[in-house]
Amino acid sequence: MEQKNGSSFTGFILLGFSDRPQLELVLFVVLLIFYTFTLLGNSTIIALSHVDPQLHTPMYFFLSNLSFLDLCYTTSIVPQFLVNLSGADKSISFGGCVVQLFISLGLGSTECILLAVMAFDRYAAVCRPLHYTVIMHPRLCALMASASWLVGFANSLLQTVLIFLLPLCGRNKLDHFLCEVPPLLKLACVDTTRNESEIFFVSVIILFIPVALIIFSYDRIVRAILRIKSAVGRRKAFGTCGSHLTVVSLFYGTAIYAYTQLRNNYYQDEGKFTSLFYTIVSPMINPLIYTLRNKDVKEAMKKVLRKDSDSR
């Protein structure tokens with residue numbers, strides 16, 4: 001970002017919740033607990049997906065991608081936030097801010113696409129069970145996962161460049177706890193209407209096209225399930241999709257709400273708490289959703305625990 005007076009620009013001040021010192025202490029403890037559970041939960045799913053042969057399927061390949069993504073996503077934000085909460089220094093370097101925005105945007109965009117890919121996997125499993133192994137070939141799974149990461153970070157690169165080309169005129173106080181698009185736009189000392197329109201347009205593509213694909217997939221899935229005559233069969237089919245649908249609802253609900261606010265007045269505290277949810281809370285509860293609702297993961301965990309106890 002350019003400076004009007006040509007002076008060197010060292011970084012930003014992340015104000016976060018600095019106007020509420022007591023809340024900062026509570027947030028530090030809560031976030032430390034949440035972050036620990038996020039690391040444990042997502043690492044467990046990745047490890048189980050590699051260790052247990054029963055989980056060497058497309059569904060768990062994509063789930064391990066999602067868990068790795070959530071690990072990276074939270075790690076790109078929480079450590080810096082914890083440091084800022086624990087002391088008087090609320091600064092982040094210019095390079096650190098660029099990297100944080102690029103990584104968090106890239107991972108968030110990748111998750112949007114990956115959730116749509118996972119919906120297609122559920123569609124193939126429920127609507128095309130006899131051809132499932134042919135459709136979801138390992139090479140296709142790897143291609144779809146790679147495309148999700150590539151498109152996600154390409155979008156992030158575009159948005160990051162658009163943001164940091166804006167002149168700040170010496171402004172460096174970000175009224176947020178992380179480097180994110182809406183508060184960075186507010187720092188600009190020029191009219192950002194065009195930039196907001198460009199970013200909003202890209203966000204619509206990244207958010208709403210995957211949502212449309214997910215809705216299409218689940219429309220077909222529901223129709224296929226309703227044609228199943230057996231009540232046990234219907235429950236089993238719904239069970240394979242329930243966890244994914246819950247994760248989709250949580251992630252897209254908050255993400256769409258946050259980015260549609262680019263067109264409206266985004267209340268400061270409301271924006272911070274919304275960001276807290278989809279950057280910290282959602283990655284923590286995703287493993288719980290998949291573990292509590294999934295018999296395969298539970299069985300894999302029991303096997304590992306039994307092996308561990310037998311080895312002793």
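Just above, that's the structure.
Residues numbered from 1 in each chain as written. Predicted model: local features only at pLDDT ≥ 70, side-chain atom pairs only at ≥ 80, totals over all residues. Heavy atoms only, no water.

S.K.: For this particular structure, what's the right way to read the state of the cysteines?
M.R.: Here is the idea: a disulfide is a covalent bond, and it sits between the sulfur atoms of two cysteines. The final tally for this structure, using the stated rule, is one disulfide. Covalently, C97 is tied to C179 through a disulfide, its sulfur atoms 2.0 Å apart. Linking C97 and C179, the disulfide has an S-S dihedral of approximately -125 degrees and is accordingly described as left-handed. Separated by 82 residues along the polypeptide, C97 in helix α4 (residues 94-127) and C179 in the loop between β3 (173-174) and α7 (181-187) bring together distant segments of the chain. Judged by its relative accessible area of 1%, C179 is buried. Sulfur of C112: no disulfide; nearest cysteine sulfur belongs to C72 and is 16 Å away. The exposure class of C112 is buried, given its relative accessible area of 4%. Of all cysteine sulfurs, the one in C241 lies closest to C127, which takes part in no disulfide; the gap is 8.4 Å. (Disulfide = S-S within 2.5 Å. Helix = DSSP H or I, 4+ residues; strand = E, 2+ residues; numbered from the N terminus. Buried < 20%, exposed > 50% of the residue type's maximum accessible area, 1.4 Å probe, protein only.)

S.K.: Any chance you could explain the sheet that holds strand β2 (residues 91-93) here in plain terms?
M.R.: The strands making up a sheet associate through hydrogen bonds between their backbones, and the pairing can be parallel or antiparallel. An order of β2-β1-β3 is seen for the three strands of this open sheet, with the pairing classed as mixed. For this open sheet the edge positions go to β2 and β3, each flanked by a neighbour on one side alone. (Pairing = 2+ DSSP bridges.)

S.K.: It is not clear to me how the packing of helix α1 (residues 21-51) against helix α2 (residues 58-75) should be interpreted in this structure. Could you clarify?
M.R.: Packed helix pairs are specified by the crossing angle of their axes together with the interaxial distance, meaning the distance between the axes. Relative orientation of the contacting elements α1 and α2 amounts to 155 degrees, with a least axis distance of 9 Å. Taken together, the axis directions place α1 and α2 in an arrangement best described as roughly antiparallel. Where α1 crosses over α2, the handedness of that crossing is left-handed. Here Y35, T38, L39, N42, S43, I45, I46 and S49 of α1 lie close against α2, whose contacting residues are Y60, L63, S64, S67, F68, D70, L71, T74 and T75. For the contact of α1 with α2, the per-class residue count stands at eight nonpolar, eight polar and one charged. (Axes fitted to C-alpha atoms, helices over the stretch in contact; angles between N-to-C directions. Parallel < 35°, antiparallel > 145°, perpendicular 65-115°, else oblique. Left-handed = near helix turned anticlockwise from the far one by under 90°. Contact = heavy atoms within 4.5 Å. Nonpolar A, V, L, I, M, F, W, Y, C, P; charged D, E, K, R; others polar.)

S.K.: Is there a simple way to explain the side chain of E180 in this structure?
M.R.: For E180, the location among the structural elements is in the loop between β3 and α7. Here E180 occupies a buried position and makes no salt bridge, while the nearest side chain of opposite charge, K186, is found at 9.9 Å. Once residues within four sequence positions are removed from consideration, E180 is found in contact with L101, S275 and Y278. (Lys, Arg positive; Asp, Glu negative; His and termini not counted. Salt bridge = Lys/Arg side-chain N within 4 Å of Asp/Glu carboxyl O.)

S.K.: Looking at this structure, how should I read the nonpolar core?
M.R.: Looking at soluble globular proteins, one finds that nonpolar side chains tend to be buried together. Formed by 66 residues in total, the largest nonpolar core has its most connected members in F62, L115 and Y252. The biggest single contributor to this core is α4, with 13 residues. Setting aside residues up to four positions removed in sequence, Y252 forms contacts with C112, I113, L115, L207, P210, V211, I214 and Y257. L101, L162, C179 and I199 belong to the second largest nonpolar core, which has 19 residues in total. (Core = buried A, V, L, I, M, F, W, Y, C linked by side-chain atoms within 4.5 Å.)

Keep in mind that these numbers describe shape and distance, not what the molecule does.
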